[in-house]
Amino acid sequence: MHGHVSYEDFILQVAGFLTTYYLFIAAMNGLAAFYLWQSGRAKELFRLPGSGLAVTTVHVWLLVAGVFTILSAYATNGGAAALTLPQAVRDFADARMGPVVYTVGLLLLLSVLYLGRNFFVKPTVAWAGLNLSLLLMGISMTDMDFASIVMKPDNVPIVAMIYLLGFFTWLSASKAVQNDARTARGEVPLEKLDDEKVLVWPDLVYTELICMIALMAILFVWAILLQAPLEEPASTVKTPNPSKAPWYFLGLQEMLVYYDPWMAGVVLPGVVVGGLMAIPFIDFNKQGNGYYTINERKFAYCTFQFGFLVLWVTLIVMGTFLRGPNWNFFGFYETWDAHKVEALNNVDLSQYFWVDLLHTGRPKAADDAPMIVKIGYILLRESVGIMLLLFYFGGGPPAMVIYSKFFRKMFLRMGFVRYMVLSNLILLMALLPIKMLARWTVDMKYFVSIPEYFLNF
Amino acid sequence: MPPLDEIIRGSQIWKSVFRHPAPIDRRNRVVVMLTNFFLHLHPVSIKKQGISLSYTWCMGGVTFFLFLVETVTGVLLMFYYRPTLEWAYNDMLALRDVASLGILREIHRWAAHAMVITVWLHMYRVFLTGSYKPPREFNWVIGVILLLLTLLLSFTGYLLPWDQLAIWAITVGSNMARAHPFLGHEGPGSALLTLDGIDMITNASDARFGLLGARFVGEETLNRFYVLHCVAIPLAAALLMAIHFWRVRKDGGISGPL
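Residues numbered from 1 in each chain as written. Chains lettered and ligands numbered in written order. Predicted model: local features only at pLDDT ≥ 70, side-chain atom pairs only at ≥ 80, totals over all residues. Heavy atoms only, no water.

On to the overall build of chain B. Secondary structure assignment for chain B yields eleven helices and three strands. The secondary structure elements of chain B, listed N-terminal to C-terminal, are α-α-α-β-α-α-α-α-α-α-β-β-α-α. The globule rule puts the C-alpha radius of gyration for 258 residues at 18 Å, and the 24 Å found for chain B is more than 25% above it. Along the longest, intermediate and shortest principal axes, the C-alpha atoms of chain B span 85 × 55 × 35 Å. In chain B, which comprises 258 residues, the share counted as buried stands at 52%. Counting contacts in chain B only where the partners sit at least 6 residues apart, residues at least 24 apart contribute 61% of the total. Computed over 22 positive and 17 negative side-chain charges, the separation of the two mean positions in chain B equals 16 Å. (Helix = DSSP H or I, 4+ residues; strand = E, 2+ residues; numbered from the N terminus. Rg over C-alpha atoms; globule rule 2.2 N^0.38 Å. Buried < 20%, exposed > 50% of the residue type's maximum accessible area, 1.4 Å probe, protein only. Contact = heavy atoms within 4.5 Å. Lys, Arg positive; Asp, Glu negative; His and termini not counted. Charge placed at Lys NZ, Arg CZ, Asp CG, Glu CD.)

Listed below in structure tokens is the structure:
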């Protein structure tokens, strides 16, 4: 990737960036402290023993601002190379990191954030988390492999997207937690308080104008600082490795690891679009219309967040930053080595059944058998997988009604058609994590494998 | 002599455009919303909650503004760009090195990436506030189609620089169409579509061929994507956006607690 740049040259370039970067974080914390001080919203943390002087959040963020200022000065004076994670830590992180740890880890992290939302939405906690993540980004930037991927022009927007998503998820959760607490006390949601009407000119029109100008300024600065990528002229014979789709489709490309193109590239995107369109028609919950809440629509909230944050966004991040040559997995600090070999020993379900379990070999029609016989043999060969899928999609919806009180209530309130749409969408969505688990645990390749007709599932 | 602005505001030309005094009192602040074409999308008055940035995130508006930025910069880029194998890449080099306003392509590309992100954030907000619920179900459906069009706009534009990044991203993406059930020549079921024993779905007649205009990403694809990117999809998006905004008003304005 970067064989022609020596580490010393790289550090010099990065030092300039880090100086600005740390100074920016320092300013951010300074402004936060100033805001807390001016608005009187500072929280007292403890009192100094001797003098009884109160230590508040203002002091904490001022201190953090000071530390980042020192880091900034240190980085610019040639210390950038020292502001880094020890190589042992990076190697350890890379060795432990893989699709399983990454995906399951993020799922666990989001679950913890969700369950502990009353704590994590507190501004002080969220601000501390932001500072920590920015610090981690900063010290990671001194790693050549990390920097080369994050600084790729087309990847910069994705880094921005991660922070934007983090911010807006925090903002919405924070409002939802407040509203849920208010509802529990029998009060109306916050949004209801600003019920009075104002004139659109000037109150809305001016806001829009300011937004437009701010956005234009951001775009100009972004366009001046970061040049649009232009690689070598197109060549149909020189295939780059890895070949990647545009970044917003990388979640789908990542699904190709588990599904064949007809599923990952056609059927599932179609289901995503159709499922999104179906949301207003299968969500019969009348609560939570026009204000932020989690408690009043937990099922809708969790299902959407699982689909969006876990299955869509984290797969895009993985496809962008962690998938290298030959679509192999590379840790955050790992060099994209095209010669890295990963053993592919995935096995079809029919192989497990006929060969490993029954020791008979997979049934196969004679080469000169008529078409219908051949198809019969194929169905016999794949019968276990086909029955499993029929059982999953045919038995899933009624089983959910019978064994789960929650879905039974839902079925009674939604009616047959809506319930079938909802349950099948959920089963289809759940199939991706199920396939991931089957791949990680027992090297499952396909449940149904009919390569004769391009029908692998 | 009266002040200059009074002369301008009193002139026949000014009055022919703006048929009422400046919106500095309550009456004229109402009138301006009703008489100005660009403002009449808005209501005259609105609940304070509905314009609070922490509630709306302004992401729908930002997306629309980015679409306008893309239209303006896109038209300017079309002055310089020829969608042929001979010129496409060279015109990119010229845009970078020769053309004045050398950040035109940068603004266009970054605004395109930003637009994808802001569409997502807009939908995220609409979901989290339950704003798709009745009576706004249909507008959510239009919104999903607009999301799709945004992604297609970005995807078709990705090919136009005609560099390695472009051609291989489109190759990877469009290879999916090859596996379309029944309609792709490597998709399940397409082998069943035969006429007198001759395959109907081949690599010269399947969904990918329809998308690319050829068996591989080539000159026909460049032309096809150029037309889709500059004419067909923006027109469709503009129409749907008009309906989207109109329905916001007709469905009761911006959502809020009942």
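Continuing now.
Okay, the overall build of chain A next. Looking only at helices and strands, chain A features 18 helices and five strands. The C-alpha extent of chain A, read off along each of the three principal axes, is 90 × 65 × 50 Å. Sequence-distant contacts, at least 24 apart, represent 68% of the contacts inside chain A between residues at least 6 apart. Summed over all atoms, the accessible surface of chain A reaches about 23,900 Å², with 71% contributed by carbon and sulfur. (Areas by Shrake-Rupley, 256 points an atom, 1.4 Å probe, with all protein chains shown as cover.)

Looking now at the packing of helix H8 (residues 137-159) of chain B against helix H11 (residues 219-250) of chain B. The relative placement of two packed helices comes down to the angle between their axes together with the axis-to-axis distance. Residues and elements named next belong to chain B. Packing of H8 against H11 leaves a shortest axis separation of 9 Å and a crossing angle of 160°. When the interaxial angle is binned, H8 and H11 end up roughly antiparallel. Where H8 crosses over H11, the two elements pack in a sense that is left-handed. Residue classes in the contact of H8 with H11 are distributed as 20 nonpolar, seven polar and one charged. (Axes fitted to C-alpha atoms, helices over the stretch in contact; angles between N-to-C directions. Parallel < 35°, antiparallel > 145°, perpendicular 65-115°, else oblique. Left-handed = near helix turned anticlockwise from the far one by under 90°. Nonpolar A, V, L, I, M, F, W, Y, C, P; charged D, E, K, R; others polar.)

It is worth spelling out the interface of chain A and chain B at this point. On the chain B side, the residues contacting the 92 residues of chain A number 90 residues. Overall, the association of chain A and chain B removes approximately 8,500 Å² of surface from exposure, summing both partners, and the carbon and sulfur fraction of that is 74%. Residues Asp283(A) and Lys133(B) are paired through a salt bridge, measuring 3.6 Å at the closest nitrogen-oxygen approach. Here chain A is connected to chain B by 38 residue pairs in polar contact (both at pLDDT 80 or more). Mapped by element, the contributors of at least two residues to the side of chain A that touches chain B are helix H8 (156-184), helix H9 (190-193), strand S3 (197-199), helix H10 (200-225), helix H12 (261-282) and helix H13 (298-322) of chain A. Element by element, the count of residues in the side of chain A that touches chain B is highest for H10(A), at 17 residues. (Buried area = accessible area lost by both parts, 1.4 Å probe. Salt bridge = Lys/Arg side-chain N within 4 Å of Asp/Glu carboxyl O. Polar contact = N/O pair within 3.5 Å; in protein donor to acceptor, adjacent residues only side chain to side chain.)

On the surface, a cluster of nonpolar side chains totalling about 580 Å² of accessible area is made up of Phe182(B), Leu183(B), Leu192(B), Leu193(B), Leu195(B) and Met200(B). Mapped onto the fold, Phe182(B) is located in the loop between helix H9 (164-178) and strand S2 (194-195). (Patch = residues over 30% accessible without salt bridge, like charges linked within 9 Å, V, L, I, M, F, W, Y side chains within 5 Å.)

All names here are of chain A. Relative to strand S2 (residues 54-56), strand S1 (residues 44-47) is paired through three bridges, and the arrangement is antiparallel. Residue Arg 47 lies in a different strand from S2, and its bridge partner there is Ala 54. Count of turn residues in the S1/S2 antiparallel hairpin: six residues, of which Gly 52 carries a positive phi of about 75°. (Pairing = 2+ DSSP bridges.)

Moving on to a positive patch on the surface. A cluster of like positive charges, contributed by Lys286(A), Lys405(A), Arg408(A), Lys409(A) and Arg413(A), occupies part of the molecular surface. Note on placement: Arg408(A) falls in helix H17 (residues 405-414).

All names here are of chain A. At their nearest, the axes of H8 and H13 sit 11 Å apart, and the two run at 155° to each other. As summarised for this structure, H8 and H13 are arranged roughly antiparallel, according to the angle between their axes. Note that H8 runs across H13; the crossing there is left-handed. Here H8 contributes Ile 158, Val 159, Met 161, Ile 162, Leu 165 and Thr 169 to the contact with H13, which in turn contributes Gln 305, Phe 308, Leu 309, Val 313, Val 317, Thr 320 and Phe 321. Of the residues belonging to the contact of H8 with H13, the class tally is ten nonpolar, three polar and no charged.

A few words on the environment of Leu39(B). Position of Leu39(B) among the secondary structure elements: in the loop between helix H3 (26-35) and strand S1 (45-47). When the C-alpha positions of Leu39(B) and Arg105(B) are compared, they lie 30 Å apart, and in sequence the two are 66 residues distant. In this structure, Leu39(B) is in contact with Trp201(A), Val205(A), Val32(B) and Met33(B), ignoring residues within four places of it in sequence.

What follows covers the pattern of salt bridges. All names here are of chain A. For the structure shown, the criterion picks out 17 salt bridges over all chains. Of the charged contacts in the structure, one is a salt bridge between Glu 44 and Arg 47, with a shortest N-O distance of 3.2 Å. Its salt-bridge partner being Arg 182, residue Glu 187 comes within 3.6 Å of it at the nearest N-O pair. Connected via shared salt-bridge partners are Arg 182, Arg 185 and Glu 187.

Another aspect to go through is the side chain of Asp251(B). Position of Asp251(B) relative to the elements: it lies in the segment after H11. Not counting chain neighbours up to four residues away, the residues in contact with Asp251(B) comprise Pro135(B), Arg136(B) and Asn139(B).

In this structure the tally under the stated criterion is 43 aromatic pairs over all chains. Summarising the aromatic geometry, the rings of Phe167(A) and Trp170(A) are spaced 6.0 Å apart at their centres and angled 40° between planes, so their arrangement reads as tilted. Taken together, the residues span about one helical turn, with Phe167(A) and Trp170(A) both in helix H8 at a distance of three residues. Plain terms: the ring middles of Phe168(A) and Trp57(B) are 4.3 Å apart, the flat faces sit at 25° to each other, and that makes the pair stacked. Linking Phe168(A) in helix H8 with Trp57(B) in the loop between helix H4 (53-56) and helix H5 (59-80), this pair reaches from one chain into another. We classify Trp57(B) as buried; its relative accessible area is 4%. Taken together, the ring pairs connect Phe167(A), Phe168(A), Trp170(A), Tyr292(A), Phe304(A), Phe308(A), Tyr55(B), Trp57(B), Tyr124(B), Phe127(B), Tyr132(B) and Trp140(B) into an aromatic cluster. (Phe/Tyr/Trp six-rings, centres within 6.5 Å; stacked < 30°, edge-to-face > 60°.)

Now for the side chain of Ser131(B). With respect to the element layout, Ser131(B) can be found in the loop between helix H7 (104-128) and H8. Polar contacts involving the side chain of Ser131(B) include one to the side chain of Ser255(B), which spans 2.6 Å. Once residues within four sequence positions are removed from consideration, Ser131(B) is found in contact with Asn289(A), Tyr55(B), Arg125(B), Val126(B), Arg136(B) and Ser255(B).

Turning our eyes to something else, we now look at helix H1 (residues 7-39) of chain A. In this model, H1(A) (33 residues) spans 46 Å end to end at C-alpha, consistent with the 48 Å of a helix rising 1.5 Å per residue. Positive phi shows up at Gly40(A), right after H1(A), with a value of about 70°. (Expected span 1.5 Å × (residues − 1).)

Okay, the nonpolar core next. Core analysis: the biggest nonpolar cluster contains 139 residues, and Tyr22(A), Trp247(A), Tyr248(A), Phe308(A), Trp120(B), Tyr124(B) and Trp140(B) have the highest contact counts within it. Among the elements that take part in this core, H13(A) stands out by supplying 15 residues, more than any other. With residues up to four places along the chain from it excluded, the contact list for Trp120(B) reads Met161(A), Trp247(A), Tyr248(A), Phe308(A), Trp312(A), Ile316(A) and Leu147(B). Residues Leu226(A), Phe65(B), Ala111(B) and Met241(B) belong to the second largest nonpolar core, which totals 24 residues. (Core = buried A, V, L, I, M, F, W, Y, C linked by side-chain atoms within 4.5 Å.)

Along the polypeptide, Leu109(A) turns up in helix H4 (residues 99-115). Leu109(A) sits 165 residues away from Gly274(A) along the chain, and the two C-alpha atoms are 29 Å apart.

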